[in-house]
Amino acid sequence: MVMETMQIRLTEGLIKEIKILVGKGIYPNSSECVRDAVRRLITGSGGKIDIPEAQEVQKQIQKQVKDQFQKPTGTTDFYPEEMSVKTQIFNTLRKTANNFGFNEVETPAFESLDLLTKKSGEEILTQIFTLEQKGDETFGLRFDLTVPITRMFLEKQKELSKPVKWYALSRMWRYERPQAGRLREFYQLSVELFGSSKPTADAEAINLAINCLKNLGLTEKDFFVKINNRKLLQGILLSIAKESQLESLIKLIDKSKKITDDEFNQEAKRIKINPKELKQILKCKTLKDVEQLKLNNLAKEGLEELKEILRLTDKKFMEFDISIARGLAYYTGTVFEIYDREEK
């Protein structure tokens, strides 16, 4: 028989309470008290303890043992049943991407910090899981798949026929406060199309996303796509802001629906933007509303791109939303987000 030892750390206060039980003769020694608690926790048996103070100590031991063996905050365990469901979902996503002519690639879980921080925006910089530095190199866990897949493309771009259509389906990490729908470790399907700046490329990515969800059994009654164009938005914003203010302004717009009206006004004033003028722009609900504004050449270019994409996608899934901006610095053209019909 193989004997295994498990180290358990208990608080000083609990150790004192255990010693009191030993002193009263309830347990022969402290180790037996802890072993009894662990046996009951693991096997769910052992009979009822009739001594109230011993019951309380047992509960405390079991709680502290459980705490030591909890999965990391913001992560998910997949037991066989959940793993089976995940595998079926991933197979559907892979099949859909393949049907659109995309080929699967894989990247390392970590990249150099220099690469990860190049075009990621300030928020992401605080969310990177940084690995302990062993030598001259500094590494961090990937927070998305676009950055490492782009690195892969740049390394081989001269050898590749364009456009290049790749996808990856893997896990990544962000150090942030876990909440509904946002974990520290999560999976992402990343679809990348290199070598084409035409609206048809963006439309293809959107159609692929829609088909992924349709192939999982969802319909237009379940979800829809909010779409905007950064050229359009930036062109319009230049009527009330300087180019140096755009980055802060777009970040404010991106989070506008998650903050109060007072917070919105204060933030706009902080970056020296008139809140009323900004809200007037955000009141545009349709492309016809946008066309009533005085548009510069950049905005007109973005508007035409948006119209072309809407022509190439299924209208019953699409909705224009001028507040969709996306915070990362590498977004330059079409931006879209997918919501359930209740927008939760």
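Note that the coordinates shown come from a computational prediction; the quantities given were computed from them, not determined experimentally.

Participant: What is the right way to look at the sheet that holds strand β6 (residues 223-229) in this model?
Facilitator: Hydrogen bonds between backbone atoms are what pair the strands of a sheet, whose relative direction is either parallel or antiparallel. Strands sit in the order β7-β6-β8 across an open sheet of three strands; the sheet is mixed. The open sheet has two edge strands with one neighbour each: β7 (318-320) and β8 (334-340). Taking the axes of each pair of neighbouring strands and ignoring which way they run, one obtains an average angle of 30° across the sheet. Strand direction decides the pairing type here: β6 and β8, joined by seven bridges, are antiparallel. Opposite asparagine 228, over in β8, you have valine 335 as the bridge partner. Contacts between helix α8 (residues 199-215) and the sheet are confined to β6, β7 and β8, with β6 contributing the most and set at about 165° to the helix.

Participant: Teacher, can you tell me more about the packing of helix α11 (residues 261-270) against helix α12 (residues 275-282) here?
Facilitator: Helices that pack against each other are described as a pair by the angle of their axes relative to one another and the distance between those axes. Remark: α11 packs on α12, axes separated minimally by 9 Å, with the N-to-C direction vectors making an angle of 115°. Between α11 and α12, the contacting residues are Asp261, Phe264, Asn265, Ala268 and Lys269 on the first element and Pro275, Leu278, Lys279 and Leu282 on the second. Here the residues of the contact of α11 with α12 sort into five nonpolar, one polar and three charged.

Participant: In this structure, what is going on with α11? I would like to understand it.
Facilitator: Since the α-helix packs 3.6 residues into each turn, any two residues three or four apart lie on the same face. Considered for burial, the residues of α11 that qualify are Phe264, Asn265, Glu267 and Ala268. Looking straight down α11, one finds its buried side chains confined to an arc of 165°; they lie on one side. Turned more than 90 degrees from where α11 packs its buried face, Asp262, Gln266, Lys269 and Arg270 sit exposed. Against the buried residues of α11 lie α10 (246-254) and α12. Positive phi shows up at lysine 272, right after α11, with a value of about 65°.

Participant: How should I be thinking about the side chain of arginine 174 in this particular structure?
Facilitator: Relative to the helices and strands, arginine 174 resides in the loop between β4 (164-173) and β5 (185-194). Although arginine 174 is buried, it forms no salt bridge, and the closest oppositely charged side chain is aspartate 144 at an N-O distance of 5.0 Å. Of note is the side chain of arginine 174, whose polar atom sits 3.1 Å from the backbone oxygen of phenylalanine 143. Apart from the residues lying within four places of it in its own chain, the contact partners of arginine 174 are Ile124, Gln127, Phe129, Phe143, Asp144, Leu183, Arg184 and Phe186.

Participant: I keep staring at the environment of tyrosine 27 and nothing clicks. Help me out?
Facilitator: The topology assignment puts tyrosine 27 in the loop between α1 (12-23) and α2 (30-43). In this structure tyrosine 27 touches Leu21, Val22, Glu32, Cys33, Asp36, Ile49 and Gln58, once residues within four positions along its chain are discounted.

Participant: Looking at this structure, how should I read the pattern of salt bridges?
Facilitator: It is possible for side chains bearing opposite charge to pair when their charged atoms get close. For the structure shown, the criterion picks out 21 salt bridges. Across the pair glutamate 155 and arginine 151 runs a salt bridge, and its minimum N-O distance is 3.0 Å. Here glutamate 155 pairs with arginine 151, and both are found in helix α7 (residues 146-156), just four residues apart, close to one helical turn. The salt bridge involving lysine 257 is made with aspartate 321; its shortest N-O contact spans 2.7 Å. Of this pair, lysine 257 sits in the loop between α10 and α11 while aspartate 321 is found in the loop between β7 and β8, placing the two residues 64 residues apart along the sequence. Judged by its relative accessible area of 58%, lysine 257 falls in the exposed class. Given a relative accessible area of 9%, aspartate 321 falls into the buried group.

Participant: What should I look at first to understand the packing of helix α9 (residues 230-237) against α10 in this one?
Facilitator: Where α9 meets α10, the axes come as close as 11 Å, and the angle between the chain directions of the two elements is 115°. On the basis of their axis angle, the class for α9 and α10 is roughly perpendicular. When the axes of α9 and α10 are compared, the crossing they make is right-handed. Within the contact between the two elements, α9 uses Arg230, Leu233, Gln234 and Leu237 and α10 uses Leu246, Leu249, Ile250 and Ile253.

Participant: Sorry, what's going on with the packing of aromatic side chains here?
Facilitator: In this description, a pair of aromatic rings is defined by centroid distance and the angle of the planes. On inspection of all chains with the given rule, the structure shows eight aromatic pairs. On the numbers, 5.3 Å between centres and 65° between planes, the contact of phenylalanine 90 with tyrosine 187 is edge-to-face. Residue phenylalanine 90 is found in helix α4 (residues 80-99), and its partner tyrosine 187 is found in strand β5; the two are separated by 97 residues along the sequence. Its relative accessible area of 13% is what places phenylalanine 90 among the buried residues. We classify tyrosine 187 as partly exposed; its relative accessible area is 27%. Pairing phenylalanine 129 with tyrosine 175 gives two aromatic rings, centres 5.3 Å apart and planes at 85°, and the pair type is edge-to-face. Placement of the pair is phenylalanine 129 in the loop between α6 (122-125) and β3 (139-141) and tyrosine 175 in the loop between β4 and β5, with a sequence separation of 46 residues. In this structure phenylalanine 129 comes out as partly exposed when scored by relative accessible area, which is 26%. Aromatic rings pair up to connect Phe78, Phe90 and Tyr187 into one cluster.

Conventions adopted
Residues numbered from 1 in each chain as written. Predicted model: local features only at pLDDT ≥ 70, side-chain atom pairs only at ≥ 80, totals over all residues. Heavy atoms only, no water. Pairing = 2+ DSSP bridges. Helix = DSSP H or I, 4+ residues; strand = E, 2+ residues; numbered from the N terminus. Axes fitted to C-alpha atoms, helices over the stretch in contact; angles between N-to-C directions. Contact = heavy atoms within 4.5 Å. Nonpolar A, V, L, I, M, F, W, Y, C, P; charged D, E, K, R; others polar. Buried < 20%, exposed > 50% of the residue type's maximum accessible area, 1.4 Å probe, protein only. Arc of directions from axis to C-beta. Lys, Arg positive; Asp, Glu negative; His and termini not counted. Salt bridge = Lys/Arg side-chain N within 4 Å of Asp/Glu carboxyl O. Polar contact = N/O pair within 3.5 Å; in protein donor to acceptor, adjacent residues only side chain to side chain. Parallel < 35°, antiparallel > 145°, perpendicular 65-115°, else oblique. Left-handed = near helix turned anticlockwise from the far one by under 90°. Phe/Tyr/Trp six-rings, centres within 6.5 Å; stacked < 30°, edge-to-face > 60°.

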